[in-house]
Amino acid sequence: MEMKVVEHDVVPGGSTVIAGVLSELNPLPGSETVLDSVDEALLKASGFEGKPGQVLTLPRGDGIAVLVGIGDEASFESLRTAAGNAIRAVKTPGAICLLAQAPVDGATRAVAEGLGLGAYQYRNYKTKSDDELTVEVVEIPGGSGEELERALAGIDATNLARDLTNTPAADTAPSEVAAVLERAAADLPVEVEVWNEARIRKESLGALLGVAAGSDRPPVLVVMSYQPESSHKHLGLVGKGITFDSGGLSLKTASLMEEMKDDMTGAAVVGAATIGIARLGLPVRVTTVIPLTDNAVGGNAMRPGDVLRPVAGPTIEVLNTDAEGRLILADGLGVVRRYEPDMIVDVATLTGASKVALGEKIAAVFGSTSNVASLVLEAASRAGEFFWELPLFRHYRTNLDSNIADIKNITGGRYGGAIAAALFLSEYAGEGDWAHLDIAGPARWRETAGEQVKGGSGVGVRTLIELAATLGDRAPK
Ligand code: BES
Ligand code: MN
Ligand code: ZN
């Protein structure tokens, strides 16, 4: 989506209503404000009161006006939500939508995010276009260019991750995910290295190879590097790239397997965030490691009871082949540590247990220290994404003790699964600053509302970009 900033009067009393004008014949109403030209009698009769979530489209001159309520308090969240609802109310093909915004500092970014994220549609497999949204240009009245740049980088990166998640697993083999990331990085100062199976074997990534053994589609490991001229901090990212999670021999039931094309969302999120960070030229070095493989049930599949040797750290007794994300992340963490980042963040659709704990709209964050977790929580809050901290509770660590190897991949117990998975990863994350983001819940939105569109969410992308911006700001000049 293309957007630009134009100068425009703010809506009078604009703290309660975002007003938008849509007209093909008269796209730019000059300094005339939107509400002035709306038929007051119609407005009254409609029952529209500017409550959060209310959307009203009214005739206005040659076009229509879209009014969206944001309630009494204009916050970034209410603006983002309202803008997302507004953009979907715009149905005219090729139209220009103009939104006058409430006078809030930083509103451009929130409004732009709502528009750009809310207008997202995944139509690659649709053959009819009857319900297609075709908004081509969006103008943000009176907005700031810098905020818009920031918003656009977050929007495009999030929508890239959404595309990757939404694509059926048949069309996202490990090598195909790598190719998409290579293409996205082509015009940016991001180097993309793709390790094939032979290289993965040479590097002794035994845990990734173990998971990959059950699939005819070979694994790959992607290393993306963004190294700006001035950077004092180095961020290491790792994303879970299970291109389809059948569970392996510990096979999932049909209903649990239905959505497992999503299981490479962590990979999509860290890959897309790296693209967004580079596009903004943030002064932070980023090294992103993405292990990609199916978790399938071929004749050579790993068996419960097998022991895997990751590139570094404890040997792993695999008691449940469906706890595969932590296996490939063990190798991903091992690889990223070689680059000696100052802070590591991994992102994964790791556990159903995190959904039990937090529901489907909140992602879990674990930090090696509470400072690290706070950094992520603050970044998430600025980005408008929902995270909550869960504890890396050391007393549960012995539940992962294995009889024959150094560690096992499940506890065997019913409770605290998200924490157990995080404790497992901590064995491979090293001694430094590390955060683990379990996005199993919000990797997919269940409903369309505001900036959220049903399907792959791209949650985590904007938080990571924001985190990188924070690390850049903190770097000594
Ligand atoms: N990919 C799943 C986790 C998941 C579940 C993501 C539901 C999104 C929605 C992961 O690989 C998995 O299967 N985890 C198991 C772990 C268990 C075997 C210890 C789980 O959560 O059931
Ligand atoms: Mn699994
Ligand atoms: Zn999985």
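Refer to the structure presented above.
Residues numbered from 1 in each chain as written. Chains lettered and ligands numbered in written order. Predicted model: local features only at pLDDT ≥ 70, side-chain atom pairs only at ≥ 80, totals over all residues. Heavy atoms only, no water.

Caption draft 1: Just the site of ligand 1, in detail. Lining the immediate surroundings of ligand 1 are 16 residues, of which Lys252, Asp263, Asp322, Glu324 and Gly352 lie closest. Contacts to ligand 1 include Asp322, whose side-chain N or O atom sits 2.8 Å from an oxygen atom. The separation between an oxygen atom of ligand 1 and a polar side-chain atom of Glu324 is 2.8 Å. Its atoms largely coinciding with the cavity grid, ligand 1 occupies the largest pocket. Partitioned by chemical class, the residues of the shell around ligand 1 number 4 nonpolar, 4 polar and 8 charged. (Near = heavy atom within 4 Å. Polar contact = N/O pair within 3.5 Å; in protein donor to acceptor, adjacent residues only side chain to side chain. 1 Å grid on protein atoms, 1.4 Å probe; cavity = no way out; pocket = protein on both sides within 12 Å on 5 of 7 lines; lining within 4 Å. Sits in = over half its atoms within 2 Å of the grid points. Nonpolar A, V, L, I, M, F, W, Y, C, P; charged D, E, K, R; others polar.)

Caption draft 2: Main features of the layout of surface pockets. Each pocket or cavity is described by its volume, and for the largest pocket that value is around 990 Å³. Lining the largest pocket are 40 residues, with Lys252, Leu350, Thr351, Gly352 and Ala353 sitting closest to its centre. (Points joined across faces, edges and corners; volume = space filled by probe spheres on them.)

Caption draft 3: Spotlight on the packing of aromatic side chains. Inspection of every chain in the model, using the stated rule, returns 3 aromatic pairs. Look at Tyr122 and Tyr125: their rings are 6.1 Å apart centre to centre, the planes differ by 40°, and that puts the pair in the tilted class. Taking the centre distance of 5.4 Å and the plane angle of 40° together, the rings of Phe424 and Tyr428 count as tilted. On the accessibility criterion, Phe424 (0% relative accessible area) is buried. When its relative accessible area of 2% is taken as the criterion, Tyr428 is described as buried. Taking NZ or CZ as reference, Arg199 lies 4.3 Å from the ring centre of Trp195, over its face. (Phe/Tyr/Trp six-rings, centres within 6.5 Å; stacked < 30°, edge-to-face > 60°. Buried < 20%, exposed > 50% of the residue type's maximum accessible area, 1.4 Å probe, protein only. Lys NZ or Arg CZ within 6 Å of the ring centre and 35° of its normal.)

Caption draft 4: A look at the sheet that holds strand S12 (residues 307-308). Within the open sheet, the 3 strands sit side by side as S12-S13-S17. Their pairing is mixed. Among the strands making up the open sheet, the edge pair consists of S12 and strand S17 (407-408). In this sheet, S17 lies alongside strand S13 (residues 316-317) in parallel orientation, the contact comprising 2 bridges. Note on S17: the bridge partner recorded for Ile316 is Ile407. (Pairing = 2+ DSSP bridges. Helix = DSSP H or I, 4+ residues; strand = E, 2+ residues; numbered from the N terminus.)

Caption draft 5: Quick look at the coordination of the manganese ion (ligand 2). Ligation of the manganese ion (ligand 2) by protein atoms is provided by Asp245 (OD), Asp322 (O), Asp322 (OD) and Glu324 (OE), these donors lying 2.0 to 2.2 Å from the ion. One can describe the donor arrangement at the manganese ion (ligand 2) as irregular, given that its 6 donor atoms subtend angles of 70 to 169° at the metal. On the primary sequence, the residues serving as donors to the manganese ion (ligand 2) are separated as D-x76-D-x1-E. The metal-metal distance between the manganese ion (ligand 2) and the zinc ion (ligand 3) comes to 3.1 Å, with Asp245 coordinating both. Here Glu324 lies in the loop between S13 and helix H10 (325-337) and Asp245 lies in strand S10 (residues 241-245), a separation of 79 residues in the sequence. On the basis of relative accessible area, Asp245 is assigned to the buried category, the value being 3%. (Donors = N, O, S within 2.8 Å, 3.2 Å for Na, K, Ca; no water. Tetrahedral: all angles 85-135°; square planar, octahedral: opposite > 155°, others 65-115°.)

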